[in-house]
Amino acid sequence: MTKTVGLLVMAYGTPYKESDIEPYYTDIRHGKRPSEEELQDLKDRYEFIGGLSPLAGTTDRQAEALTETLNEAYSDVEFKLYLGLKHISPYIEEAVEKMHNDGIQEAVTVVLAPHYSSFSVGSYNERAKEEADKYGIELHHVKQYYHQPKFIEYWTNKINETLEQIPSEEHDETILIVSAHSLPKGLIERNNDPYPDELHDTMKRLEASTNIKHVAQGWQSEGNTGTPWLGPDVQDLTRELFEAHHYKNFIYTPVGFVCEHLEVLYDNDYECKVVCDELGANYYRPDMPNTDSLFIGAIVDEIKTVF
Ligand code: FEC
């Protein structure tokens, strides 16, 4: 007999329409409304990438692909998908309540972010657990999956394919920048957080598995809090690397994210490209994982270690 288990897929969330931008931004800032200027700046960035972000649709497709692949991998379990978002409805709490209403007693939780930080994955899991405890639902949390061989294989293939577009005599003048979303430094240090080490480990694994000769680690999409964030920022890093080594080609892999959205389409494809253009260097950014079977397979393989 198959048993039904919840699959709580959690993700950042994005505005569905223009009027959602203000409440969404307010939620990101823990209830503090952004100033008119900050709001306009965010609206302009969404406008620049085509009005809104493709994130909502991609998150749905990733969650569906994961459910399907997981159900193929387990013969005695039927996973039922619940989507819970951090900053917009359906919120994580709503998803857990729905599980309870459907009679779910046990669930696997996974966040669509490959590296663990207490701020990111940890806080999603805490919110899910707090709500699940009210109903006595047992949760099995995935913490990270960046280290799964299929995840590394996905990026290895993409990096090598990108390198093939670059003449071989320029490979020595080509550098890979491996990045993730920056976080406030104080927060990371206080919690002895594994996040920076996990990004470093990702970079070392890709350095070993690809044909790339030069690699560097950077942080991106830093917020405006007036406190120090993890660095170097990818744009500053690009300038520093160019000044020191005169690289001709920069390959950006924002491995801390799992699909094309605002932080990739604007912060990489616009902001980093502007710096490359200014320096007379070439900008490359391989496709993000989205619903690629290696990426989805990596999450399934990690789920097998917790459930
Ligand atoms: O495409 C989209 O519409 C949304 C893309 C999006 C993703 C994302 C992922 C992460 N964030 C993380 C941390 C922070 C911290 C702050 C912060 C602020 C923003 C703002 C927008 C935004 N984030 Fe985000 N993030 C995305 C979007 N994020 C918009 C607000 C404007 C701005 O600052 O640019 C600062 C909060 C504060 O001011 O106090 C911190 C982390 C991730 C990756 C892990 C995850 O997905 O959960 C970490 C996607």
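The structure displayed is predicted, hence computed values, not measured ones. (Residues numbered from 1 in each chain as written. Predicted model: local features only at pLDDT ≥ 70, side-chain atom pairs only at ≥ 80, totals over all residues. Heavy atoms only, no water.)

Caption draft 1: Broad picture of the overall build of the protein chain. Each helix and strand in the protein chain was counted, giving 12 helices and 8 strands. The C-alpha radius of gyration computed for the protein chain amounts to 20 Å, which stays within 12% of the reference 19 Å derived for 307 residues, consistent with globular compactness. Along the first, second and third principal axes, the C-alpha atoms of the protein chain reach 60 × 45 × 40 Å. Looking at the protein chain as a whole, 53% of its 307 residues are labelled buried. In the protein chain, 78% of the contacts between residues at least 6 apart in sequence involve partners at least 24 apart. Here the protein chain displays about 14,100 Å² of accessible surface, and carbon together with sulfur accounts for 46% of that area. Measuring between centres, the 27 positive side-chain charges of the protein chain sit 3 Å from its 55 negative side-chain charges. (Helix = DSSP H or I, 4+ residues; strand = E, 2+ residues; numbered from the N terminus. Rg over C-alpha atoms; globule rule 2.2 N^0.38 Å. Buried < 20%, exposed > 50% of the residue type's maximum accessible area, 1.4 Å probe, protein only. Contact = heavy atoms within 4.5 Å. Areas by Shrake-Rupley, 256 points an atom, 1.4 Å probe, with all protein chains shown as cover. Lys, Arg positive; Asp, Glu negative; His and termini not counted. Charge placed at Lys NZ, Arg CZ, Asp CG, Glu CD.)

Caption draft 2: How the structure looks around the coordination of the iron atom of the ligand. Looking at the protein side alone, the iron atom of the ligand has one donor only, Tyr12 (OH), at 2.2 Å. With respect to the helices and strands, the residue tyrosine 12 is situated in the loop between strand S1 (3–11) and helix H1 (21–28). (Donors = N, O, S within 2.8 Å, 3.2 Å for Na, K, Ca; no water.)

Caption draft 3: Representation of the domain arrangement of the protein chain in the model. As far as domains go, the protein chain holds domain 1 (3–144 + 292–304) and domain 2 (149–284). Computed over C-alpha atoms, the centres of domain 1 and domain 2 are 25 Å apart. In this complex, domain 1 contributes 25 residues to the contact, which on the side of domain 2 involves 25 residues. Across the domain 1 to domain 2 interface the summed buried area is about 2,200 Å²; carbon plus sulfur atoms make up 71%. Sorting the residues of domain 1 by area buried against domain 2 places Arg45, His115 and Leu294 first, and these three jointly supply 28% of that buried surface. The interface formed by domain 1 and domain 2 holds 1 salt bridge in total. Where domain 1 packs against domain 2, one counts 9 residue pairs in polar contact (both at pLDDT 80 or more). Going through the elements one at a time, helix H2 (36–48), helix H3 (55–73), helix H5 (118–135) and helix H12 (293–306) are the ones with two or more residues in the side of domain 1 that touches domain 2. Of the residues forming the side of domain 1 that touches domain 2, the biggest block, 5 residues, is contributed by H12. (Domains from an automatic or database assignment. Buried area = accessible area lost by both parts, 1.4 Å probe. Salt bridge = Lys/Arg side-chain N within 4 Å of Asp/Glu carboxyl O. Polar contact = N/O pair within 3.5 Å; in protein donor to acceptor, adjacent residues only side chain to side chain.)

Caption draft 4: Highlighting the UniProt feature "binding site: Fe-coproporphyrin III" (unreviewed entry) in the protein chain. Listed under "binding site: Fe-coproporphyrin III" (unreviewed entry) in the UniProt record, and renumbered for this structure, are Tyr12, Arg29, Arg45, Tyr46, Ser53 and Tyr124. On the basis of their most widely separated C-alpha atoms, the annotated residues across 113 residues do not gather in one place, lying as much as 25.7 Å apart. Structurally, the position occupied by arginine 45 is in helix H2. We classify arginine 45 as buried; its relative accessible area is 18%. Dropping the residues within four chain positions of it, arginine 45 is found in contact with Leu262 and Tyr266. Here tyrosine 124 is to be found in helix H5. In this view, tyrosine 124 contacts Met10, Ala11, Tyr12, Lys86, Ile92 and Val111; residues no more than four positions away in its chain are not counted. (UniProt positions renumbered as here; feature names shortened; annotations may be inferred.)

Caption draft 5: Up close: the site of the ligand. Taken together, 20 residues lie near the ligand, and Tyr12, Thr14, Tyr46, Ser53 and Tyr124 sit nearest. In the environment of the ligand, a nitrogen atom lies 3.3 Å from a nitrogen or oxygen atom belonging to the side chain of histidine 181. Leucine 262 places a polar main-chain atom, nitrogen or oxygen, 2.9 Å from an oxygen atom of the ligand. Going through the elements one at a time, H1, H2, H5 and helix H10 (262–265) are the ones with two or more residues in the shell around the ligand. Looking at side-chain class alone, the shell around the ligand contains 14 nonpolar, 4 polar and 2 charged residues. (Near = heavy atom within 4 Å. Nonpolar A, V, L, I, M, F, W, Y, C, P; charged D, E, K, R; others polar.)

Caption draft 6: How the structure looks around the packing of helix H4 (residues 92–101) against H5. Look at H4 against H5: their axes get within 9 Å of each other, and the N-to-C directions meet at 35 degrees. When the axes of H4 and H5 are compared, the crossing they make is right-handed. When H4 is examined against H5, the residues Ile92, Glu93, Val96, Glu97 and His100 are found in contact with a partner set consisting of Tyr124, Arg127, Ala128, Glu131, Ala132 and Tyr135. (Axes fitted to C-alpha atoms, helices over the stretch in contact; angles between N-to-C directions. Left-handed = near helix turned anticlockwise from the far one by under 90°.)

Caption draft 7: Broad picture of H12. Here H12 is 14 residues long and its end C-alpha atoms lie 20 Å apart, about the 20 Å a rise of 1.5 Å per residue gives. Among all positions of H12, only Leu294, Phe295, Ile296, Gly297, Ala298, Ile299, Val300, Glu302 and Ile303 are buried. The inward-facing, buried residues of H12 abut S1, H3, strand S3 (106–111) and helix H6 (149–164). Of the residues that open H12, the one with a side-chain oxygen 2.8 Å from the backbone nitrogen of leucine 294 is aspartate 292. (Expected span 1.5 Å × (residues − 1).)

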